[in-house]
Amino acid sequence: MEKTGVPHVIFLPFPAQGHIKPMLNLAEILSHAGFQATFVNTEHNHHRILHNTDIHDRFPKFQFKSIPDGFPSDHLRSDLLYIRDFFRSCRVAFKPALRELLISLKEEKEPCQPPTCMIADGIMCFAIDVAEEFEISTIFFRTFSAHCLWTYFHLSKLIEEGEVPFQDENLDKPILCIPGLENVLRRRDLPGFCRTENADDPILQFFIKETSALTRGTGLILNTMNEIEGLMITRLGSFFNKVYAIGPLHALKSRINENSSSSSTSSDGILWKEDKKCLKWLDSKPSRSVLYVSFGSLINLSGEQILELLHGLVNSEKSFLWVIRPDLIVGDATIGDILKEQETGRLERGLIVSWAPQEEVLLHPAIGGFLTHSGWNSTLESIVAGVPMICWPQMADQQVNSRCVSEIWKIGFDMKDTCDRSIVEKLVRELMDNNREEMMESANKLARLARDSIEEDGSSCINLEKLIQDIKSMSSSLTQVHISG
Ligand code: UDP
């Protein structure tokens, strides 16, 4: 029997862990609201997810679809380079594949309704051209912080004012032309791609175009909350009809799952298999005594950088849990080779894993600090867990996020643009010993605000309800068109 009026949402994430994971959380939340969900991955990522996550168990109500990314099957798709190539290729290969998918979804009668709307990643704006052909509305989901998105909206102005591009000189120069951030940002805090030779740089231009194309959507979803980024969210409201700030999505999803006693776990490897043994190791450690170290899913580091970090961590004499992905280190050196260069050749207080259940790790009572690359998901997960950070940003939004952490929210230290064992050691001691109480106080305050936002009367819950109602009204107007047609 056909279910009339049930919204059917197509979710289209950018093909990277930090984009797929919050999109899955959002899809899960909307599926709890009774919506039908079609989740679209690249074929390559779909196979990785099938391998690492029991998706049919976790997302029984979802329909998963996959489309080719246009790269040959033997392409390594090894992270950063692949991401850059994908920016260039997505319009060529991905767009027609998305069109084919929409044709097949439109023709499919059972078990789904025709699609009501598409929620597309905010760096996949080509999707709106395809959706418009099928008269489907597009809501964009930008997975960055509001501070960072506001900065991206000023990239053209930064070029006009001669602030961008720049290279590694005069990095402490204040940036004065972004309203609301005049006393916050310096050159070094601008997105990594601003450090380039000329304003025609394809990555810089890509982000200028994608950011302005966002305003074509019927609304903008942000994984953040008024309680923490309210001023920036209000400013962004001047560009959009509707802004739905509904974060932190991972915590909101967990709360909804708890209330509905769903069996879904809080975190999943998604593209990697999680090594849960580290949770047992953490169980044996005293409260707030371990530093968690992880640089997310994309960045690559040289053997020299790893060696400096390793020495700094060992010299700090703190216990640490360090995620070293198999593809983290560029070149031929492995972590085993690098360990040999260290005095004892082994770790006495450290544990290395290739992928951790990060959300659970950060919530573990043994964790006292997080040395992070300041990806937005990692930052949010740390905020919710009340864990202060040492930020070591490398690219994109990470430079802005780390500045917010250290300068605005005061829940961590910013180590950007340095990689020196003595600085690592000093900051780890500052975070875990000398400034511990002060940092914990601000971290606890922010964690409370984040948790308030997802309470039933919190801003994110209220905004989520608005999003749900707006999608439902798209669905009922579609039903009316079908009936009158
Ligand atoms: N993550 C994880 N285990 C790890 C490392 C990372 O589950 O060992 C997850 C982390 O919880 C976060 C995501 O991967 O949700 C990384 O996203 P983020 O935006 O922080 O960084 P990106 O990978 O996009 O650079």
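What this report covers is the structure whose coordinates are included nearby. (Residues numbered from 1 in each chain as written. Predicted model: local features only at pLDDT ≥ 70, side-chain atom pairs only at ≥ 80, totals over all residues. Heavy atoms only, no water.)

1. Thoughts on the sheet that holds strand β9 (residues 319-323)
Logical step 1: The strand order β10-β9-β8-β11-β12-β13 describes an open sheet built from six strands, whose pairing is parallel. Each having just a single partner strand, β10 (350-353) and β13 (412-414) make up the two edges of the open sheet. Direction aside, the axes of adjacent strands within the sheet are offset by 15° on average.
Logical step 2: Where helix α16 (residues 398-408) meets the sheet, it contacts β12 (389-391) and β13, and its direction lies at approximately 130° from that of β13. (Pairing = 2+ DSSP bridges. Helix = DSSP H or I, 4+ residues; strand = E, 2+ residues; numbered from the N terminus. Axes fitted to C-alpha atoms, helices over the stretch in contact; angles between N-to-C directions. Contact = heavy atoms within 4.5 Å.)

2. Some thoughts on the side chain of Arg 255
Logical step 1: Within the fold, Arg 255 resides in helix α10 (residues 249-259).
Logical step 2: Glu 456 provides the closest opposite charge to the buried, salt-bridge-free Arg 255, at an N-O distance of 4.2 Å.
Logical step 3: Setting aside residues up to four positions removed in sequence, Arg 255 forms contacts with Ile 454, Glu 455, Glu 456 and Cys 461. (Buried < 20%, exposed > 50% of the residue type's maximum accessible area, 1.4 Å probe, protein only. Lys, Arg positive; Asp, Glu negative; His and termini not counted. Salt bridge = Lys/Arg side-chain N within 4 Å of Asp/Glu carboxyl O.)

3. Focus on the pattern of salt bridges
Logical step 1: In total, this model carries 28 salt bridges according to the counting rule given.
Logical step 2: Asp 172 is paired through a salt bridge with Arg 186; the nearest N and O atoms lie 3.7 Å apart. Linking Asp 172 in the loop between α7 (155-160) and α8 (202-213) with Arg 186 in the loop between α7 and α8, this pair joins segments that are 14 residues apart in sequence.
Logical step 3: Ionic pairing is found between Glu 407 and Arg 403, a salt bridge with its closest N-O pair at 3.6 Å.

4. Concerning the site of the ligand
Logical step 1: Around the ligand sit 17 residues, and of these Ser 297, Ala 356, Asn 377, Ser 378 and Glu 381 come closest.
Logical step 2: Measuring from an oxygen atom of the ligand, one finds a side-chain N or O atom of Lys 21 at 3.1 Å.
Logical step 3: Interatomic distance of 2.8 Å between a side-chain N/O atom of Asn 377 and an oxygen atom of the ligand.
Logical step 4: Starting from 540 Å² of accessible surface for the ligand in isolation, the protein chains cover 96%.
Logical step 5: Broken down by secondary-structure element, the contributors of at least two residues to the shell around the ligand are α1 (17-32), β8 (290-294) and α15 (376-385).
Logical step 6: Looking at which element gives the most residues to the shell around the ligand, the answer is α15, with four residues.
Logical step 7: Among the residues making up the shell around the ligand, the classes are represented as five nonpolar, 10 polar and two charged. (Near = heavy atom within 4 Å. Polar contact = N/O pair within 3.5 Å; in protein donor to acceptor, adjacent residues only side chain to side chain. Areas by Shrake-Rupley, 256 points an atom, 1.4 Å probe, with all protein chains shown as cover. Nonpolar A, V, L, I, M, F, W, Y, C, P; charged D, E, K, R; others polar.)

5. Notes on a negative patch on the surface
Logical step 1: Among the surface-exposed residues, Glu 304, Asp 332, Asp 337 and Glu 341 lie close enough to one another that they form a single negatively charged patch.
Logical step 2: Checked against the element boundaries, Asp 337 lands in helix α13 (residues 335-340). (Patch = residues over 30% accessible without salt bridge, like charges linked within 9 Å, V, L, I, M, F, W, Y side chains within 5 Å. Charge placed at Lys NZ, Arg CZ, Asp CG, Glu CD.)

6. Brief notes about the sheet that holds strand β5 (residues 137-142)
Logical step 1: Taken in spatial order, the seven strands make up an open sheet running β3-β2-β1-β4-β5-β6-β7, and their pairing is parallel. Edge positions in the sheet fall to β3 (62-67) and β7 (243-245), since each of these pairs with one other strand and no more. When the angles between neighbouring strand axes are averaged without regard to direction, this sheet yields 20°.
Logical step 2: Where strand β2 (residues 36-42) meets β3, six bridges bridge the pair, whose relative direction is parallel. Opposite Val 40, over in β3, you have Lys 65 as the bridge partner.

7. What to know about unusual backbone geometry
Logical step 1: Cis geometry is found at the peptide bond from Val 164 to Pro 165, where omega equals 5°.
Logical step 2: Position of Pro 165 relative to the elements: it lies in the loop between α7 and α8.
Logical step 3: Here the bond from Gly 247 into Pro 248 is cis, since omega is -10°, no more than 30 degrees from zero.
Logical step 4: Relative to the elements of secondary structure, Pro 248 occurs in the loop between β7 and α10.
Logical step 5: The backbone phi angle of Asn 170 is positive, close to 50°, even though this residue is not glycine.
Logical step 6: The residue Asn 170 is located in the loop between α7 and α8 in this model.
Logical step 7: Residue Asn 170 is classed as exposed on the basis of its relative accessible area of 52%.
Logical step 8: Despite not being glycine, Asp 417 has its phi angle at roughly 70°, a positive value.
Logical step 9: Here Asp 417 is to be found in the loop between β13 and α17 (421-434).
Logical step 10: A residue is classified by how much of its surface remains accessible, and Asp 417, at 37% relative accessible area, is partly exposed.

8. A short note on the packing of aromatic side chains
Logical step 1: On inspection of all chains with the given rule, the structure shows 20 aromatic pairs.
Logical step 2: Ring plane angle 50° and centroid distance 5.9 Å describe the contact between Trp 150 and Phe 239, whose orientation is recorded as tilted. Placement of Trp 150 in helix α6 (residues 146-152) and of Phe 239 in the loop between α9 (226-236) and β7 is noted, with a sequence separation of 89 residues between them.
Logical step 3: With relative accessibility at 6%, the residue Trp 150 sits in the buried group.
Logical step 4: Residue class for Phe 239 comes out partly exposed when judged on its relative accessible area of 33%.
Logical step 5: Following the ring pairs from residue to residue traces out a cluster consisting of Phe 11, Phe 39, Phe 59, Phe 62 and Phe 64.
Logical step 6: Of note, Arg 48 hangs over the ring of Trp 272, and the distance from its end group to the ring centre comes to 4.6 Å.
Logical step 7: Looking at Arg 142, its charged tip hangs above the ring of Phe 144, at a distance of 4.2 Å from the centre. (Phe/Tyr/Trp six-rings, centres within 6.5 Å; stacked < 30°, edge-to-face > 60°. Lys NZ or Arg CZ within 6 Å of the ring centre and 35° of its normal.)

9. A short note on the packing of helix α12 (residues 303-316) against α17
Logical step 1: Viewed as axis vectors pointing N to C, α12 and α17 meet at an angle of 40°, and their least axial separation amounts to 7 Å. By the criterion of interaxial angle, the relationship of α12 to α17 is oblique. The handedness of the crossing between α12 and α17 is right-handed. Two secondary-structure elements touch here, α12 through Glu 308, Leu 309, His 311, Gly 312, Leu 313, Asn 315 and Ser 316 and α17 through Arg 421, Val 424, Glu 425, Val 428 and Arg 429.
Logical step 2: Class assignment for the residues of the contact of α12 with α17 results in four nonpolar, four polar and four charged. (Parallel < 35°, antiparallel > 145°, perpendicular 65-115°, else oblique. Left-handed = near helix turned anticlockwise from the far one by under 90°.)

10. Side note on the nonpolar core
Logical step 1: Counting residues in each nonpolar core, the largest one holds 171 residues, and the members touching the most others are Leu 26 and Ile 119.
Logical step 2: When residues of this core are assigned to their parent elements, the largest contribution, 11 residues, is made by helix α4 (residues 79-107).
Logical step 3: Not counting residues up to four positions away in its chain, the partners in contact with Leu 26 are Phe 11, Ile 119, Phe 141, Ile 221, Ile 246, Leu 249 and Leu 467. (Core = buried A, V, L, I, M, F, W, Y, C linked by side-chain atoms within 4.5 Å.)

As far as function goes, none of this settles anything; it's purely spatial.
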